Amino acid sequence: MSGRRLGVCGVFGAVLLAGAVVPPAAAADTTRAGAPTVEEQRLDRAAPKEILRRSGFDGVAPGFARDLARARSYAQARRLVEHEGQSLWRRAVDRAQGRGPATGDLSKDDDRPLYWARLGMTRALRAWEPRGFDLDDARRQRLLAHLETTSRGQDTIRYPKGKGGKGGKRVLVTGFDPFTLDRDTRISNPSGATALALDGTVVRTAEGPVRIETAMFPVRWTDFEQGTVERVLRRQLPRVDLFTTVSQGRVGKFDIERTNGAWRGGFGDNENLSRTETVPVSDPASQPQWTTTTLPYKDIVAADTGRFPVYDNTAVTEIPAGGSTPVERPDGPTPGSTARAGGGGDYLSNEIAYRATLLRDRLGLHDRLPGGHVHTPVLQFGAGNTDPATGKVTDAEFVRNRVDIIGQVRRIVVTAVVASGR
């Protein structure tokens, strides 16, 4: 693995590497029924337990398990799963936006309660043995997939009627789960926190209102190769005025990624699975090696959006036409080259950017839909709280950094909308 940043993730210190919808199959469909996944097994560690307790989300999974035990048919179980998944997403959004009863002493901007509560629910559903009817592996996987979809806001993206005009501009923003949790189980992902903070919000601008809807994606290769990004975005992109995928990138800076590459670099995901290959998409015969942003990156970089600097990142890694060795190019790919890393690296943030912009282009929207990828700064704990084994799950600087990143993403989005409408 090179010193390059790997999408979704970033450089933390030296190299801390740290996405009516038809739901995809659950990522862990190779795991036998009843056995918790690698992701779910981390629930038994101290930090997740503390995060759930201090947010008031520690009762979510036990309550869900009790309700599941009363289900007497598959249809009843499916209704329960969809209702509880949507309720979890709405609860997390409401908490982030200061609505509903205040529970726990973790700051409201925290994305981690949603992540760990969801895993508690999927673990309960995976272990559940229904009474009164049989549940084969295929049906259990469908229930797990519905739970993933609903608890990530993927099926509740709603905009007022009428694109633009009196109804205002429509914007879609996506975020990611925490990741690299075996290095530090306390980790939060500012892109996920941003998704919770912005979902369903309306920003007033001189050009009119901007309605922002959001969704969250897992940090799992399998979900991406099963088409979860395309399933969620295919219906939405023709309806919106601007979109941006968001993930965590480099320390102390934002990047607007100019170019995305069709390559997976192999870094382990949240299931500790690795992929090193061309990004698998439908119709690979027409698959380009590169896609590009259509966000107004010059306007974004020039604007005063917050305390972190914002860069137009043009760097890529390619194998030049006729060559065999990867070469880093600071100014973008050369004609006929093969991708080895986009500006956002070769991990899942590069992949969501690649998939989203490729879908934009295949839908014929390249010249009229601004869209691309924004990398946020790495979310850092305060000085003296960097040891994963002994550190606190939160501190004042950690919260300040996350709040500032969320606010700056919001201003970047508004800047992009206004600039695109000129």
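Check the entry above for the structure.
This structure is a prediction, so every number in the text was calculated from the model and none was measured.

Analysis parameters
All residue numbers here refer to positions counted from 1 along the written sequence of the relevant chain. Predicted model: local features are reported for residues with pLDDT of at least 70 only, side-chain atom pairs are reported and counted for 80 or more only, and whole-chain, interface and lining totals are derived from all residues. Side-chain metrics rest on all non-hydrogen atoms present in the structure, leaving aside hydrogens and water. Think of a salt bridge as a Lys or Arg side-chain nitrogen and an Asp or Glu carboxyl oxygen that are within 4 Å of each other. Runs of H or I in DSSP of at least four residues are treated as helices and runs of E of at least two as strands, each being numbered from the N terminus. Here the term buried applies to any residue with accessible area under 20% of the maximum for its type, exposed to any over 50%, and partly exposed to those in between, with areas from a 1.4 Å probe on protein chains only. Pairing of aromatic side chains requires ring centres within 6.5 Å, counting the rings of Phe and Tyr and the six-membered ring of Trp. Pairs whose planes differ by under 30 degrees are stacked, by over 60 edge-to-face, and all others tilted. For a lysine, the NZ atom is tested; for an arginine, the CZ atom; a charge sits over a ring if that atom is within 6 Å of the ring centre and within 35 degrees of the ring normal. Between the N-to-C directions of two axes lies an angle of 0 to 180 degrees, each axis being a line fitted to C-alpha atoms and, for a helix, fitted only over the stretch in contact. In what follows, roughly perpendicular refers to angles from 65 to 115 degrees, roughly parallel to angles under 35, roughly antiparallel to angles over 145, and oblique to any angle outside these ranges. Two helices cross in a left-handed way if the nearer one is turned anticlockwise from the farther one by less than a right angle. They cross in a right-handed way if the turn is clockwise. The contact criterion used throughout is that any non-hydrogen atoms of two residues lie within 4.5 Å. Following the grouping adopted for this structure description, the nonpolar residues are Ala, Val, Leu, Ile, Met, Phe, Trp, Tyr, Cys and Pro, the charged ones are Asp, Glu, Lys and Arg, and the polar ones are all others, Gly among them. Among the buried residues, those of types Ala, Val, Leu, Ile, Met, Phe, Trp, Tyr and Cys that are joined through side-chain atoms within 4.5 Å form a nonpolar core.

Undergrad: Teacher, can you tell me more about the pattern of salt bridges here?
TA: Pairing of side chains with opposite charge becomes possible as their charged atoms draw close. Considering all chains together, one arrives at 33 salt bridges under this definition. Residues Arg258 and Asp312 are paired through a salt bridge, measuring 2.5 Å at the closest nitrogen-oxygen approach. In this pair, Arg258 is assigned in the loop between strand E5 (254–257) and strand E6 (259–261) and Asp312 in strand E10 (residues 310–313), connecting sequence segments 54 residues apart. Overall, Arg258 belongs to the partly exposed group, its relative accessible area being 24%. Its salt-bridge partner being Asp404, residue Arg307 comes within 2.5 Å of it at the nearest N-O pair. Of this pair, Arg307 sits in the loop between helix H10 (297–302) and E10 while Asp404 sits in helix H12 (residues 396–420); the two residues are 97 residues apart in sequence, bridging distant segments of the chain. Residue classification places Asp404 among the partly exposed positions, given a relative accessible area of 23%. When salt bridges that share partners are traced, they join Glu39, Arg118, Glu148, Arg152, Asp177, Arg220 and Asp223 into one network.

Undergrad: I would appreciate a short explanation of the packing of aromatic side chains in the present structure.
TA: Under the defined criterion, the tally for this structure stands at 9 aromatic pairs. One cation-aromatic arrangement involves Arg186 over Phe381; the distance from NZ or CZ to the ring centre is 4.0 Å.

Undergrad: How should the packing of helix H4 (residues 74–96) against helix H6 (residues 137–150) be read in this particular structure?
TA: Two quantities define a packed helix pair, namely the angle between the axes and the distance from one axis to the other. The interhelical angle for the contact between H4 and H6, taken along N-to-C directions, is 25°, at an axis separation of 7 Å. Accordingly, the angle class assigned to the pair H4 and H6 is roughly parallel. Every pair of crossing elements has a handedness; the one defined by H4 and H6 is right-handed. Side by side, H4 and H6 meet where Tyr74, Ala77, Arg78, Val81, Glu82, Gly85, Gln86 and Trp89 of the first sit next to Arg139, Arg142, Leu143, His146, Leu147 and Thr150 of the second. Broken down by class, the residue content of the contact of H4 with H6 amounts to 6 nonpolar, 4 polar and 4 charged.

Undergrad: Please clarify how the nonpolar core should be interpreted in this entry.
TA: Nonpolar side chains tend toward joint burial in soluble globular proteins. Membership of the largest hydrophobic core comes to 39 residues, with the highest contact counts inside it found for Phe64, Trp116, Leu125, Trp128, Leu143 and Leu196. Among the elements of the structure, helix H2 (46–55), helix H3 (60–69), H4, helix H5 (112–127), H6 and helix H7 (190–198) are those that each provide at least two residues to this core. In this view, Leu196 contacts Trp89, Ala92, Val93, Ala96, Gln97, Asp110, Asp111, Leu114 and Met216; residues no more than four positions away in its chain are not counted. Counting residues in each nonpolar core, the second largest holds 27 residues, with Val310, Leu379, Ala416 and Val417 among its members.

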